[in-house]
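Geometric and topological summary
In case you want the letters, here they are:
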Protein chains: 2
Amino acid sequence: MTVSNVVNGNRGRVSPATAARVERAIADLGYVPNAAAQSLAARRTRLVGLLLPTGSDDASLLASPHDVAVTGAVEAALRHRDHHLMLRGVGTARQVQDSVRRWSLDGVVLMGFTDDEVGALALPAGLPAVVVDATAGGPVAHVRSDDRAGGLLAGEHLTGLGHTRLLICGPTETTSRVVSERVEGFRTAAGDRVQVVAAQTTYDDGVVLGTRLAPAVRAGDLTAIFATADILAAGVIRGLTDHGLRVPEDVSVLGYDDADLARYVTPRLSTIAQDTTRKGQVAAELLLELITGEATEPRSELIDVALTARESTGPAPA
Amino acid sequence: MTVSNVVNGNRGRVSPATAARVERAIADLGYVPNAAAQSLAARRTRLVGLLLPTGSDDASLLASPHDVAVTGAVEAALRHRDHHLMLRGVGTARQVQDSVRRWSLDGVVLMGFTDDEVGALALPAGLPAVVVDATAGGPVAHVRSDDRAGGLLAGEHLTGLGHTRLLICGPTETTSRVVSERVEGFRTAAGDRVQVVAAQTTYDDGVVLGTRLAPAVRAGDLTAIFATADILAAGVIRGLTDHGLRVPEDVSVLGYDDADLARYVTPRLSTIAQDTTRKGQVAAELLLELITGEATEPRSELIDVALTARESTGPAPA
DNA sequence: CTGAAAGCGCTAACAC
DNA sequence: GTGTTAGCGCTTTCAG
C-alpha cells in the first residue's frame, strides 16, 4: 500500500493530504510495524550486535568498568538513530555466526577482545563492523584511545615529577597493539630503563603485583608505576599499602581510563582520562555510516586522552 | 519440508535416518536459520528485552554496578537457553511499545525502576515479564533480595557492635518497597530511634551526605550509618574522612550489595551481600518459564542475603 | 513418516 | 500519486 511509503518516510511519493490521513490512522490504531516482517522483506534489521568475550565464569560480561561505560553510550547513540542493540557474549566463531547471520544483524561492534581473538572470531566478510580497543579484524572500523599519546602523557607526568625508576604493567603478553603503543609512548617519554611487567587487567592481579613489587619499592629501586587500566592500578595500590607502603609518598601509581572507581579509591587515582561516552558515540557513528552506505571504506578514530592528576602520583622520594 | 521438523527438534515425526541426513546437510552447507522468518511464521522470537531507565544523560544506562552484574548474568542464562538479549533504555510507555511490540519480544526484564515508574511504563498485558528490585508491574514475576532480612542483618550487626545512635540513608522518598523493607528490617533490629535520611544512590550524593553528617558524628550523636547501596556508602565514607573523621573508629558505615567496589575502597566496606549472579539467573529462569508456559502464574523470588563484615564497621566509640 | 500448500506482515518493483 | 503483484524464509495444517 501507500502506507508503507508513509511509514518509511518516503515522502515525495505520496501527497501530503494522504500522508496526514495515514499518519492519523496509524496513531488511532496504535499501529506498530513488525520488525521481523520488515527485516524479511527489506533485508535491513536496524539491529546491531554488541559482542563481548565470555570469560570462564558467566557473570564476567561487562566486568570492565570501561566496557560498561562504552556500552551505555553505544546503546544511547543507536537508540537515537532508531536502531536496537543486541548484547551477546561470544567465545567462538560459531557463536558469532549464530548471532550475526541468524538475526541478520546490520552490523556489530566488538569490544574487549585482543587482536588475536578478533581474528579468530572470523567476522563475515562485508559485514559492517567496528572494533573497540583493538586493531585487527580486517577491513573494519576501529575506535580506541590515542594510546601512544596516553603513554607519552603518562611518561611525561611521572618523569616531570622527578621519577627515574619506573615500571609499566598491563596485559603486555597479549597481542594488543593498544598495550604496546602505551608502552612505546611511555618509553619515549621515560627512557628505556622502564621495566615492563605482565599483568591481567583485574583488581586481584593488581593486588598480587603490588605485593610482589613492595620490596623493590622499599629498596628504592622503584618509585613510579604506570598501569594500563584504573582497576589494575587500584589493585596495585592496595597491594602496596597493605604492605605498609605509602602512595604517593613512597611510590606513585598512575592509572588509565578515568573510570568511576578512580575517584572511589584512596588515594584518588591519577589517571589518563579517555572519554568513554564519546568513544561509544563514535563507535556507533562509524558503524552507522557503514550500514547506511554513507561511508564506503571503514574509518578509524582515535579518542583524545588527557592527564587527570589526583592524589596517587607525587614527587619522587628524595 | 521435513527439514523444519529436524531443526526444531521435532523428533518422532521423522525417521532417525532422515534426521541424520538432514543434519549432515545442515552442517555441510553451514545453514543458519533466519530468525526473522522464524519469528514471523512461528510467533516466537527467542528474543527478550532488558529494559533500563534512561537517565538524563545518556551514558547512565548501567550506572549501577549492581545492575551491571545482574545484566551479565541474565545474558549468560538466556544464551544458555538459546535466547538473545536486547538491551534498551526506556523512559516512556511509548518506548516500551516501540521495543516490545515492534520486535515481538517474547518477554522483558525490567531493572532499575521504582514502583511508580514500573507502573507508568504500562507493560502490555499478558507479556511475560519479570521486574527486578521493585514490586509493582501487575501480574508479573519479581526478583529482589530479601530486603527485610537484609535490613535486619544490618541492624543486628551494628547494634551487636554496641551502636545506639544509628542512621539509615537511601532513596527513601521514592516509591520503593525495596527501600522501605530495608528500613523496616533495620528498625526492627535497631529500634525506633534510627534516623532516616533521603539520598540518591550515587557516590556524589554520598559524599555530600557524609559532609553534612560529619558534625553530628563529631558531636557523638551518630556512630553508625547504614546505606542502602555500596556506592552510596562509599561516598559517605569519603565525605566523612575528608572531614577528618575515621571509619570505623569514629563512625561505622555499612553498605548493601557487596559490589566489586566494596573491596576497592578504603576502608574495605562491610556490606550486606546479595548474590547478583544468582539474581540474574533467577530472573532469566522466572521469565523463561513464563515464556515456555511451564508456569502459568508469575512467581516471585527473594535472593538470600548475608553479612560480609570487612573494615568499615567496628565497635561503637566509648 | 514425508511432501505440498498457504500465509505470517511487510517492501519493492511495476503498472495504472 | 496510487494500487497491484510477488515474494523475503520459515512454520504449519493437512493430505499422501
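Use the structure listed above.
Criteria and cut-off values
- Residues numbered from 1 in each chain as written.
- Chains lettered and ligands numbered in written order.
- Predicted model: local features only at pLDDT ≥ 70, side-chain atom pairs only at ≥ 80, totals over all residues.
- Heavy atoms only, no water.
- Helix = DSSP H or I, 4+ residues; strand = E, 2+ residues; numbered from the N terminus.
- Buried < 20%, exposed > 50% of the residue type's maximum accessible area, 1.4 Å probe, protein only.
- Contact = heavy atoms within 4.5 Å.
- Areas by Shrake-Rupley, 256 points an atom, 1.4 Å probe, with all protein chains shown as cover.
- Lys, Arg positive; Asp, Glu negative; His and termini not counted.
- Charge placed at Lys NZ, Arg CZ, Asp CG, Glu CD.
- Pairing = 2+ DSSP bridges.
- Right-handed = clockwise from strand over helix to strand, strands pointing away.
- Axes fitted to C-alpha atoms, helices over the stretch in contact; angles between N-to-C directions.
- Buried area = accessible area lost by both parts, 1.4 Å probe.
- Salt bridge = Lys/Arg side-chain N within 4 Å of Asp/Glu carboxyl O.
- Polar contact = N/O pair within 3.5 Å; in protein donor to acceptor, adjacent residues only side chain to side chain.
- Nonpolar A, V, L, I, M, F, W, Y, C, P; charged D, E, K, R; others polar.
- Parallel < 35°, antiparallel > 145°, perpendicular 65-115°, else oblique.
- Left-handed = near helix turned anticlockwise from the far one by under 90°.

**Some details on the overall build of chain A**
Assigned secondary structure in chain A consists of 12 helices and 12 strands. With respect to the three principal axes, the spread of C-alpha positions in chain A is 80 × 35 × 35 Å. Within chain A, the proportion of its 318 residues that are buried is 52%. Relative to all contacts within chain A whose residues are 6 or more apart in sequence, the contacts with residues 24 or more apart total 74%. Per element, the accessible surface of chain A, about 13100 Å² overall, is 49% carbon and sulfur. For chain A, the separation between the mean place of its 30 positive charges and that of its 38 negative charges on side chains is 6 Å.

**Structural notes on the pairing of strand E8 (residues 224-227) of chain A**
Within a regular strand, side chains alternate between the sheet's two faces. Residue and element names in this part refer to chain A. The two faces of E8 match: Ala 224 and Phe 226 on one face and Ile 225 and Ala 227 on the other face are all buried. Bridge analysis of strand E6 (residues 166-170) against E8 gives 4 bridges, and the strand direction is parallel. Across the sheet, Ile 168 pairs through a bridge with Phe 226, a residue of E8. Direction of pairing for E8 relative to strand E9 (residues 252-257): parallel, over a ladder of 3 bridges. If you follow Phe 226 over to E9, its bridge partner there is Leu 254. Running through helix H10 (residues 230-241), the crossover from E8 to the neighbouring parallel element E9 is right-handed.

**Looking at the sheet that holds E8(A)**
All names here are of chain A. The strand order across the open sheet built from 6 strands is E7-E6-E8-E9-E10-E12, with neighbouring strands paired in mixed fashion. Taken across any chain shown, the strands that pair with only one partner, and hence form the sheet edges, are strand E7 (195-198) and strand E12 (305-308). Strand-to-strand, the axes of this sheet are offset by a mean angle of 20 degrees, without reference to chain direction. Sheet strands touched by helix H8 (residues 177-190): E6, E7, E8, E9 and strand E10 (270-274). Its angle to E6, the strand with the most contacts, is close to 175 degrees.

**Brief notes about the interface of chain A and chain B**
With 52 residues of chain A in contact, the opposing surface of chain B contributes 52 residues. Contact between chain A and chain B buries roughly 4900 Å² in total, counting both sides, with carbon and sulfur atoms accounting for 55%. Put simply, chain A and chain B have 6 salt bridges between them. Here Asp82(A) makes a salt bridge to Arg102(B), at a shortest N to O gap of 3.0 Å. On inspection of chain A and its partner chain B, the count reaches 26 residue pairs in polar contact (both at pLDDT 80 or more). Sort the elements by how many residues they give to the side of chain A that touches chain B and helix H4 (residues 65-80) of chain A lands first, with 7 residues. Taken together, the residues that form the side of chain A that touches chain B break down as 21 nonpolar, 17 polar and 14 charged. Strand direction decides the pairing type here: strand E2 (residues 84-90) of chain A and strand E2 (residues 84-90) of chain B, joined by 3 bridges, are antiparallel. By the bridge assignment, Leu87(A) is partnered in E2(B) with Leu85(B).

**Comments concerning the pattern of salt bridges**
Inspection of the entire model under this criterion finds 42 salt bridges over all chains. Across the salt bridge formed by Asp98(A) and Arg102(A), the nearest N and O atoms sit 3.4 Å from each other. With respect to class, Asp98(A) is no different from Arg102(A); both count as buried. Taking the shortest distance from any N to any O, the salt bridge between Glu311(B) and Arg268(B) comes out at 2.4 Å. With a gap of 43 residues between them, Glu311(B) in the segment after strand E12 (305-308) and Arg268(B) in the loop between helix H11 (261-264) and strand E10 (270-274) connect regions that are remote in the sequence. A relative accessible area of 32% means that Glu311(B) is categorised as partly exposed. The network of salt bridges with common partners includes Arg46(A), Asp82(A), Arg88(B), Asp98(B) and Arg102(B).

**Thoughts on the packing of helix H3 (residues 35-42) of chain A against helix H3 (residues 35-42) of chain B**
A pair of packed helices is characterised by two quantities: the angle between their axes and the separation of those axes. Where H3(A) meets H3(B), the axes come as close as 8 Å, and the angle between the chain directions of the two elements is 130 degrees. One finds that H3(A) runs oblique with respect to H3(B). Regarding H3(A) and H3(B), the two cross each other, and that crossing is left-handed. Side by side, H3(A) and H3(B) meet where Ala36(A), Ala37(A), Ser39(A) and Leu40(A) of the first sit next to Ala36(B), Ala37(B), Ser39(B) and Leu40(B) of the second. Counted by class, the contact of H3(A) with H3(B) contains 6 nonpolar, 2 polar and no charged residues.

**Let's talk about the side chain of Asp147(B)**
All names here are of chain B. Within the secondary structure layout, Asp 147 lies in helix H7 (residues 147-160). Among the residues examined, Asp 147 registers a relative accessible area of 0% and is labelled buried. Within the structure, Asp 147 has its side chain in polar contact with the side chain of Arg 144 (distance 2.9 Å). With near-sequence residues (within four places) excluded, Asp 147 lies in contact with Val 178, Glu 181, Arg 182 and Tyr 256.

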